[in-house]
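The chain contents come next:
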Amino acid sequence: MPIRQLSETMINQIAAGEVIERPASVVKELVENALDAGASKVEVVTSGGGLNLIRVTDDGSGIPERELALAIARHCTSKLAEDINDIRSLGFRGEALPSIGSVSRLSIRSRTAAGDSAAEIGIEGGRVLPVKPAAANRGTTVEVRDLFFATPARLKFMKGERAESSAISDIVKRIAIAFPTVRFTLAGSDRTTLELPATGDSPDGSLRRVAQVMGADFPDNSIAIDAMREGVRLTGHVSIPSFSRANALQQYAYVNGRPVRDKLIAGAIRGAFADVLPRDRHAVTVLFLTLDPAIVDVNVHPAKADVRFRDPGLVRGLIVGAIRQALADAGIRSATTGAAGMMAAFRPGAAPYDHGGPTNGHRSYDAAFRASGPAGFDPSRSPQRPLDMRFEGAGFERGYARAGGFGEPDQPAFDAGPLASADARAGQNEATETLLGAVLGAARAQVHENYIVAQTRDSLVIVDQHAAHERLVYEALKNALHARPVPSQMLLLPEIIDLPEEDAERLAMHSETLARFGLGIERFGPGAVAVRETPSMLGETNVGQLVRDLADEIADNDTVETLKERLDKIAATMACHGSVRSGRLLKAEEMNALLRQMEATPGSGTCNHGRPTYIELKLADIERLFGRR
């Protein structure tokens, strides 16, 4: 077949295959156009998961009638001058509208602030319709009907209506987080209406917008991030370790206001939380990177979802360092969801009663049916026992005497059992005012030989002693491990590992850093390295696999975190076996010392496996449980 020039329609349909993957892609392009036009209100209406109808209306600057024909022509845009390295808008290629029009029935109705009337232009499967007058307010309305009618094969790859509607919701929310000054509305016959009122561009306004999208729990369980390094600024919020999710869908990242799904950023977030979250849990994050457009390339992906940084090591280091520093500075915090779960578990309900009384549906009590008179009634077992009065009659007096009332000096129900010492009851003496004012308060008791119950001025705290001490031991081991070069063991015979030349060169460039972690590497001719020392902590290990993993990581991220993570994993295992075990009775002083160490140790709100080390229940919540509020 001879080489020939493709038709304009075919070119646009090829471009649509790259840019318009599904209805959510259309919504993304149209909403970004609205925001680039300076809109303060964006309304999105869909039907049939976006396949039947997508309508985006904004109150932006509008398109003059004479420019409507250019707006639907390929590579025509008002957003880009002559410098491709200075991109400051969301869109810049001028491909979206002609691509959408080539696979659907597209109409654009627009009016500028200076215009007396609106104008409309349409495209049907790539065929341009003439411009005609229309009625509209200032701004632009873009309507897309019968998406992919011109390429029916693409329809076979679409998911169900609900899945497509959910993808549209996600893209609108993702964009809305970056533009808190804009009001977004998403409605249609295929969904419940989503309204996101404008919240303002202040830090509080931005956080309120985040709460609108991610839920009211996030602000109470997040830490603010604000860091800068070599002209790159990072702001936003990350969740505390005990507030996590089973997937990474609630990790939002933005580069110069553009929502992106970048592997480098996702890897940096995972690395920052590696010490405090298990591999199957993910932090909730909203991060904004602001940097010179000249040092980031946003033109590397058809849908502009990925970016490429000129210095990826700088960006990764900034994200990891800023998050870890913020977690350390935040001190010890527990997720409010833990208290909510405890509240739900404590909700009062109808207690089951096992009795042989009447079965007519009336609630009755076992003792009441068996007792033939006052002598058979034991006030200490009655759910309706008196608190501050005495019963009359010998039977009642004997029963009440046996129960001992509620006097403080004699509480056999609490004092019974083999207690090694006052160890398990730290609350016998009143805690000092200083301890009650501490974050984790004063230890009052140890229950089930594993849980420390502590009291602050306004809350009740329950601590898992094994999980808490495990984190403390792990942090101490880690600090000792990284405070000096890691001890290494010399191999009897150096292990020669063949690698691609570029991998061998990368490893050689990082040899000094690897030596600090106990791994001695040097070049051994073309395309090979010789390993002479390995970290003692690793014992017998697959040296070849370790070196290849390090080479892959250096190629991806320009870091040697793999080796550090392996050493930290060994430290975590040692900490697990060297910490206070469940079932050990602690003295009052030991419990309070453990609480004070937790307060002074970063990340002690979770153990090495990501489980919470303590739960806090506020006094106000306790009072609500008892109907006092």
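See the structure printed just above.
What counts and what doesn't
Residues numbered from 1 in each chain as written. Predicted model: local features only at pLDDT ≥ 70, side-chain atom pairs only at ≥ 80, totals over all residues. Heavy atoms only, no water. Pairing = 2+ DSSP bridges. Helix = DSSP H or I, 4+ residues; strand = E, 2+ residues; numbered from the N terminus. Axes fitted to C-alpha atoms, helices over the stretch in contact; angles between N-to-C directions. Contact = heavy atoms within 4.5 Å. Salt bridge = Lys/Arg side-chain N within 4 Å of Asp/Glu carboxyl O. Buried < 20%, exposed > 50% of the residue type's maximum accessible area, 1.4 Å probe, protein only. 1 Å grid on protein atoms, 1.4 Å probe; cavity = no way out; pocket = protein on both sides within 12 Å on 5 of 7 lines; lining within 4 Å. Points joined across faces, edges and corners; volume = space filled by probe spheres on them. Nonpolar A, V, L, I, M, F, W, Y, C, P; charged D, E, K, R; others polar. Expected span 1.5 Å × (residues − 1). Core = buried A, V, L, I, M, F, W, Y, C linked by side-chain atoms within 4.5 Å. Parallel < 35°, antiparallel > 145°, perpendicular 65-115°, else oblique. Left-handed = near helix turned anticlockwise from the far one by under 90°.

Student: Help me understand the sheet that holds strand E22 (residues 488-498) in this model?
Tutor: In sheet architecture, strand pairing relies on hydrogen bonds along the backbone and comes in two forms, parallel and antiparallel. Taken together, the 3 strands give an open sheet; going across it, the order is E22-E24-E23, and neighbouring strands pair in antiparallel fashion. Here the strands that pair on one side only, and so sit at the sheet edges, are E22 and strand E23 (520-523). Looking at each pair of strands side by side, their axes are set apart by 20° on average, direction ignored. Where E22 and strand E24 (residues 528-535) come together, 7 bridges link them in antiparallel fashion. Its bridge partner being in E24, Ser488 is matched across the sheet by Pro535. Together, E23 and E24 form the strand contacts of helix H17 (residues 501-509), whose direction differs from that of E23 by roughly 130°.

Student: Mind showing me how you'd approach the environment of Ile496 here?
Tutor: Summarising the element assignment, Ile496 is placed in strand E22. For the pair Ile496 and Val531, spaced 35 residues apart in the sequence, the C-alpha separation amounts to 6.5 Å. What Ile496 contacts, discounting residues up to four positions off in sequence, is Phe524, Ala528, Val529 and Ala530.

Student: How should the pattern of salt bridges be read in this particular structure?
Tutor: If charged atoms from side chains of opposite charge come close, those side chains can pair. Under the defined criterion, the tally for this structure stands at 21 salt bridges. Taking the shortest distance from any N to any O, the salt bridge between Asp170 and Arg261 comes out at 3.1 Å. Of this pair, Asp170 sits in helix H6 (residues 161-178) while Arg261 sits in the loop between strand E14 (258-260) and helix H9 (263-272); the two residues are 91 residues apart in sequence, bridging distant segments of the chain. Its relative accessible area of 24% is what places Asp170 among the partly exposed residues.

Student: Honestly, the layout of surface pockets in this entry has me stumped. Any pointers?
Tutor: Gaps left between atoms show up when a probe the size of a water molecule is rolled over them. Reported here for the largest pocket is a volume of approximately 1,600 Å³. Of all the secondary-structure elements, those providing two or more residues to the lining of the largest pocket are strand E13 (251-255), H9, strand E15 (282-283), strand E18 (308-309), helix H10 (312-329), helix H19 (543-557) and helix H20 (561-578). Looking at which element gives the most residues to the lining of the largest pocket, the answer is H20, with 10 residues. Taken together, the residues that form the lining of the largest pocket break down as 21 nonpolar, 9 polar and 20 charged.

Student: So what exactly am I meant to see when it comes to the side chain of Asn592 here?
Tutor: In this fold, Asn592 is placed in helix H21 (residues 588-600). Once you skip the residues sitting within four places of it in the chain, Asn592 turns out to touch Leu435, Gly441, Ala442 and Ala443.

Student: Help me out: how do you make sense of the pairing of strand E1 (residues 41-47) in this one?
Tutor: Each regular strand shows side chains that alternate between the opposite faces of the sheet. In this structure, E1 lies alongside strand E8 (residues 183-188), joined through 6 bridges in parallel fashion. Looking across to E8, one finds that Val42 is bridged to Phe184. Summarising the sheet, E1 and strand E2 (residues 53-58) pair through 6 bridges and their orientation is antiparallel. Along E2, the bridge assignment pairs Val44 with Val56. Here E1 folds back onto E2 in antiparallel fashion, the turn holding 5 residues, of which Gly48 has a positive phi close to 65°.

Student: Explain the environment of Ala328 here, please?
Tutor: Here Ala328 lies in helix H10. Of the residues examined, Ala328 reaches a relative accessible area of 30% and is grouped as partly exposed. It is 6.6 Å that separates the C-alpha atoms of Ala328 and Gly603, two residues lying 275 residues apart in sequence.

Student: Could you clarify how one ought to interpret the sheet that holds strand E10 (residues 222-229) in this entry?
Tutor: Taken in spatial order, the 5 strands of this open sheet run E10-E11-E16-E13-E14, and their pairing is mixed. Here the strands that pair on one side only, and so sit at the sheet edges, are E10 and E14. Recorded for the sheet is a direction-independent mean angle of 20° between the axes of neighbouring strands. Pairing analysis gives 5 bridges linking E13 to strand E16 (residues 285-290), with the strands arranged parallel.

Student: Teacher, can you tell me more about H10 here?
Tutor: Along an α-helix, residues three or four apart share an orientation, since each turn contains 3.6 residues. Between the first and last C-alpha of H10 there are 26 Å, a value that for 18 residues agrees with the 26 Å anticipated at 1.5 Å per step. All of the buried residues along H10 are Leu314, Val315, Arg316, Leu318, Ile319, Val320, Ala322, Ile323, Ala326 and Leu327.

Student: For this particular structure, what's the right way to read the nonpolar core?
Tutor: Most often, soluble globular proteins have nonpolar side chains that are buried together. By size, the foremost hydrophobic cluster in this structure holds 91 residues, and its most contacted members are Val42, Phe184, Phe273, Leu289, Phe309, Ile319 and Ile323. If near-sequence neighbours (up to four positions away) are discounted, Phe273 is found in contact with Val238, Ser239, Ala283, Thr285, Ile323 and Leu327. One finds Ala504, Val529, Val531 and Leu567 within the second-largest nonpolar core, a separate group that totals 21 residues.

Student: Teacher, can you tell me more about the packing of helix H16 (residues 465-482) against H21 here?
Tutor: For any two helices packed against each other, the geometry comes down to the angle between their axes and how far apart the axes lie. For the pair H16 and H21, interaxial distance at closest approach is 10 Å and the crossing angle is 50°. Of the possible angle classes, the one that applies to H16 and H21 is oblique. Of the two elements, H16 crosses H21, and the hand of that crossing is left-handed. Listed contacts from H21 to Gln465, Ala468, His469 and Leu472 of H16 are Leu594, Gln597 and Met598. Residues that form the contact of H16 with H21 fall into these classes: 4 nonpolar, 3 polar and no charged.

Student: Quick question: what am I supposed to make of empty space enclosed by the protein here?
Tutor: Under the criterion given, the structure shown has 1 cavity of 30 Å³ or more. Here the largest cavity is characterised by a volume of approximately 80 Å³. For the largest cavity, the full set of lining residues is Ile223, Ile240, Pro241, Leu327, Ala330, Gly331, Ile332, Arg333, Gly603, Ser604 and Gly605. In the lining of the largest cavity, the residues fall into 6 nonpolar, 4 polar and 1 charged.

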